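Here is how the chains run, residue by residue.
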Amino acid sequence: MSEAAAPPASLRSPAEARLPRRGLERLDLLLLAVEALDLNGGEAMVWMSEQMGFTGLFPNRVELWKRRCYNPLRRTTRRGELDPAETDALIRILCALADRLYPLLRALLSSSDPPEVVAKRWELFQGRLAALLRERMNPRRVGVQRLLDPELGASQRRQLVQSLALGGGVGGFERLRASLLDPVV
């Protein structure tokens, strides 16, 4: 079926639907959050891509990085849309990494630990995330400024960690993909 004859997004099956702009932003921010949680997160993404058999889509780390550059919040951004197979592969990689990081995600979201311990964990995560945001994202974008703001960005950073936690486990791919396709979230 040609691009001109393709059905509108509302009539496409979920497997054919392309991520909207906001979905691409959130997907890349979730991958960035994984890098903030895991010091070797970038290498883990490449390794996970190879383990899951996505070398046809992402033969090397540069190709994987290029797909993440469709996020309009980045310093260096690419125009256009990602192929649905590429977005599904990125989401599957993200879910596998979320599975791996689930104990850490749970510790961040825990209400049973002493408040000062939880605050220290969040401080460490926020510091790493802020450093990655300053390094890779366009600081003139309001979305980036909001994420870097200690008060305004707190709920959005918490939402990133919650989304990662929900992306792990059985059905995580479907939950995460549905949330990225939702234009309201």
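Being a predicted model, the structure only gives us computed values, none of them experimental.

### Observations concerning the confidence of the model for the protein chain
Stage number 1. Confidence in the prediction for the protein chain averages 88 pLDDT; 90% of positions are at 70 or higher.
Stage number 2. Under a pLDDT of 50 for its full length, residues 1-13 has, in the predicted model, six contacts with residues more than four places off or in other chains.

### Here's the deal with the side chain of Asp38
Stage number 1. Among the secondary structure elements, Asp38 is positioned in the loop between helix H1 (21-37) and helix H2 (41-51).
Stage number 2. Its relative accessible area of 12% is what places Asp38 among the buried residues.
Stage number 3. Not counting chain neighbours up to four residues away, the residues in contact with Asp38 comprise Ala44, Arg100 and Leu101.

### A short note on the packing of H1 against helix H8 (residues 172-181)
Stage number 1. At a minimum axis distance of 8 Å, the contact between H1 and H8 shows a crossing angle of 135°. One finds that H1 runs oblique with respect to H8. Where H1 abuts H8, its residues Gly23, Arg26, Leu27 and Leu30 lie against Leu176, Ser179 and Leu180.
Stage number 2. For the contact of H1 with H8, the per-class residue count stands at four nonpolar, two polar and one charged.

### Examining the nonpolar core
Stage number 1. Judged by nonpolar contacts, the single largest core of 49 residues is most densely connected at Leu27, Leu29, Leu94, Leu105, Phe125 and Leu164.
Stage number 2. Of all the elements in the fold, those that place two or more residues in this core are H1, H2, helix H4 (84-109), helix H5 (115-136), helix H6 (142-148), helix H7 (154-167) and H8.
Stage number 3. Element by element, the count of residues in this core is highest for H4, at twelve residues.
Stage number 4. In this structure, Leu105 is in contact with Leu37, Ala98, Val161, Leu164 and Ala165, ignoring residues within four places of it in sequence.

### A closer look at the packing of aromatic side chains
Stage number 1. A complete count under the given rule lists one aromatic pair for this structure.
Stage number 2. Where Trp122 meets Phe125, the ring centres are 5.8 Å apart and the plane angle is 80°; that geometry is what we call edge-to-face. With Trp122 and Phe125 both in helix H5, this residue pair falls three residues apart, about one helical turn. The pair formed by Trp122 and Phe125 is uniform in burial state, with each residue classed as buried.
Stage number 3. Its end group placed over the ring of Phe173, Arg92 keeps NZ or CZ at 3.8 Å from the ring centre.

Procedures and definitions
Residues numbered from 1 in each chain as written. Predicted model: local features only at pLDDT ≥ 70, side-chain atom pairs only at ≥ 80, totals over all residues. Heavy atoms only, no water. pLDDT = per-residue confidence, 0-100. Contact = heavy atoms within 4.5 Å. Helix = DSSP H or I, 4+ residues; strand = E, 2+ residues; numbered from the N terminus. Buried < 20%, exposed > 50% of the residue type's maximum accessible area, 1.4 Å probe, protein only. Axes fitted to C-alpha atoms, helices over the stretch in contact; angles between N-to-C directions. Parallel < 35°, antiparallel > 145°, perpendicular 65-115°, else oblique. Nonpolar A, V, L, I, M, F, W, Y, C, P; charged D, E, K, R; others polar. Core = buried A, V, L, I, M, F, W, Y, C linked by side-chain atoms within 4.5 Å. Phe/Tyr/Trp six-rings, centres within 6.5 Å; stacked < 30°, edge-to-face > 60°. Lys NZ or Arg CZ within 6 Å of the ring centre and 35° of its normal.

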